[in-house]
Amino acid sequence: MSPALGGSGGAGPELEGAGGAGPALEVVRAGALTTVQDAGRTGWAHLGVPRAGALDGPALRLANRLVGNAPDAAVLETTVTGCAVRVTGARPVLAVVGGAGCRVTVDGRPVAWGAPVRVPPGAVLEAGPAVQGLRGYLAFAGGLVPEPVLGSRSADLLSGLGPPVLREGDVLPLGRALPPLSPHGDAVPWPGVPAELVLPLHPGPREGWFTDAALRTLTTAVYRVSERSNRVGLRTEGGPALERAVEGELPSEGMVLGAVQVPPDGLPVVFLNDHPTTGGYPVVGVVAEAALAGAAQAVPGTPVRFVRP
């Protein structure tokens, strides 16, 4: 069994019992890519540290709300295939599975998706493969409390900061659930999975590096989400390449969340949470953070349109 991914030090919820003897999660099935994510580590870009954090911010906040956590408490983010975890300790744990739609079971028995459920000690909570969307969010009362790094418990796949990608046998400590062990709030709607990803595009710092025809193409053509997309960026395919008006190299400059960078193939890439803090390809536009949640759930092949707000 791998060593525990955290301890009782650092900011955030306290562990129940001395030395983290309270509830914890043992990873039974890690899935294709399951990571610990919270609201991310902001304020470190000047040192080259990306933001990281949950790609689907609204799903993170809603899942936490339903189990009585602070909006930025750490959760599990799954990718496509879900995961399964066993609750250890002597007490039941309140949990919710949201984000991408999937079958949810406790010890093989179906339970509600998108609503709080009680998971008894020793029981296995499983989020099955996604049937809608890409990324699921598993929140637990008290939140996950691996050791924070630079103020966040998020895994950053680009820099390697934070907890590693989950493997079978890993153990994740849970924080103290301060509210009573009961569901919080009434039934609430979860955002749907986009059939078409429409991204409002603000002018970027290097818009002038592209021809007028390319700028018209960018806001009229239909692209598709590429299967090469990941937490670093949403890559596009299937649309026309954007023609540059300025050739040559661009010195590396700062990059922000939502920056739309155009590499040599001319196909836009939308930077997501694990994006590098600098880059040398021109940024033709920027998508506001509020519009990026759909990118977390848009499956490969989903149509993508960039529009002027």
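What counts, and at which threshold
Residues numbered from 1 in each chain as written. Predicted model: local features only at pLDDT ≥ 70, side-chain atom pairs only at ≥ 80, totals over all residues. Heavy atoms only, no water. Helix = DSSP H or I, 4+ residues; strand = E, 2+ residues; numbered from the N terminus. Pairing = 2+ DSSP bridges. Buried < 20%, exposed > 50% of the residue type's maximum accessible area, 1.4 Å probe, protein only. Lys, Arg positive; Asp, Glu negative; His and termini not counted. Salt bridge = Lys/Arg side-chain N within 4 Å of Asp/Glu carboxyl O. Polar contact = N/O pair within 3.5 Å; in protein donor to acceptor, adjacent residues only side chain to side chain. Contact = heavy atoms within 4.5 Å. Core = buried A, V, L, I, M, F, W, Y, C linked by side-chain atoms within 4.5 Å. Phe/Tyr/Trp six-rings, centres within 6.5 Å; stacked < 30°, edge-to-face > 60°. Axes fitted to C-alpha atoms, helices over the stretch in contact; angles between N-to-C directions. Disulfide = S-S within 2.5 Å.

Trainee: So what about unusual backbone geometry? Which residues, and what values?
Mentor: One can expect most non-glycine residues to show negative phi and most peptide bonds to be in trans. Unlike most non-glycine residues, Ala52 shows phi in positive territory, near 60°. Secondary-structure assignment places Ala52 in the loop between strand S2 (35–37) and helix H1 (57–66).

Trainee: Could you give an account of the pairing of strand S4 (residues 83–88), naming the residues involved and the relevant values?
Mentor: Looking at chain direction, strand S1 (residues 24–29) and S4 are connected through five bridges and run antiparallel. Its bridge partner being in S4, Glu26 is matched across the sheet by Arg86. Bridge count for S4 against strand S9 (residues 124–127) is four bridges, and the pairing is antiparallel. The residue of S9 that forms the bridge with Val85 is Leu125.

Trainee: How would you summarise the side chain of Asp156 if you had to cite specific residues and measurements?
Mentor: Residue position: Asp156 is located in the loop between strand S10 (132–140) and strand S11 (171–173). Although Asp156 lies buried, it forms no salt bridge, and the closest oppositely charged side chain, Arg41, sits 4.8 Å away as judged by the N-O distance. Here the side chain of Asp156 touches Leu158 through a polar contact of 2.9 Å, landing on its backbone nitrogen. Leaving out residues up to four positions away in the same chain, Asp156 has contacts with Arg41, Pro50, Ala52, Leu161 and Asp274.

Trainee: Got a sec to walk through H1? Specific residues and values, please.
Mentor: Since the α-helix packs 3.6 residues into each turn, any two residues three or four apart lie on the same face. Of all ten residues in H1, seven are buried, a share of seventy percent or more. For H1, the full list of buried residues reads Gly57, Ala59, Leu60, Leu62, Ala63, Asn64 and Leu66. Of the surrounding secondary structure, the elements contacted by the buried residues of H1 are S2, strand S3 (75–79), strand S5 (93–101) and S10. Two to three positions downstream of the cap, the backbone nitrogen of Ala59 sits 3.2 Å from a side-chain oxygen, assigning the N-cap of H1 to Asp56. The positive-phi residue at the C-terminal boundary of H1 is Gly68, with phi of around 85°.

Trainee: Tell me about the nonpolar core, residues and numbers included.
Mentor: In globular proteins that are soluble, nonpolar side chains generally tend to be buried together. Counting residues in each nonpolar core, the largest one holds 44 residues, and the members touching the most others are Phe210, Val270 and Phe306. Residue contributions to this core peak at five residues, all from H1. Other than its neighbours up to four places away in sequence, Phe210 contacts Leu215, Leu242, Glu243, Arg244, Ala245, Val262, Pro282 and Val284. With 26 residues, the next largest nonpolar core counts Ala95, Val97, Val104 and Val106 among its residues.

Trainee: Can you explain the side chain of Ser154? Please cite residues and give values.
Mentor: Here Ser154 shows up in the loop between S10 and S11. Judged by relative accessible area, which is 0%, Ser154 ranks as buried. At 3.3 Å, the side chain of Ser154 forms a polar contact with the side chain of Gln37. Each residue touching Ser154, except ones within four places of it in the same chain, is listed here: Val36, Gln37, Asp38, Gly40, Arg41, Ala52, Gly53, Leu161, Gly162 and Pro163.

Trainee: I'd like to hear about the packing of aromatic side chains, residue by residue, with values.
Mentor: Following the criterion strictly, the structure yields two aromatic pairs and no others. Summarising the aromatic geometry, the rings of Tyr223 and Phe306 are spaced 6.3 Å apart at their centres and angled 70° between planes, so their arrangement reads as edge-to-face. Highlighted residues: Tyr223 in strand S13 (residues 223–225) and Phe306 in strand S20 (residues 303–307), separated in sequence by 83 residues. For the residue pair Tyr223 and Phe306, the accessibility class agrees, reading buried in each case.

Trainee: Outline the sheet that holds S20, supporting the account with residue identities and numerical values.
Mentor: The seven strands are arranged S12-S19-S16-S17-S14-S13-S20 in a closed barrel whose pairing can be described as mixed. The sheet shows a mean angle of 40° between the axes of neighbouring strands, taken without regard to direction.

Trainee: Describe the pattern of salt bridges, naming the residues involved and giving the relevant values.
Mentor: A full pass over the atoms with the stated rule returns nine salt bridges. The partner of Glu126 in a salt bridge is Arg29, with the nearest N and O atoms 2.9 Å apart. Of the two residues, Glu126 sits in strand S9 while Arg29 sits in strand S1, which places them 97 residues apart along the sequence. The partly exposed category is assigned to Glu126, whose relative accessible area is 28%.

Trainee: Pulling in residues and values, what's your account of the state of the cysteines?
Mentor: Taken as a whole and judged by the stated rule, the model has zero disulfides. Cys102 supplies the cysteine sulfur nearest to Cys83, a cysteine that is in no disulfide, at a spacing of 9.0 Å. Residue Cys102 is classed as buried on the basis of its relative accessible area of 13%.

Honestly, it's all geometry; don't read function into it.
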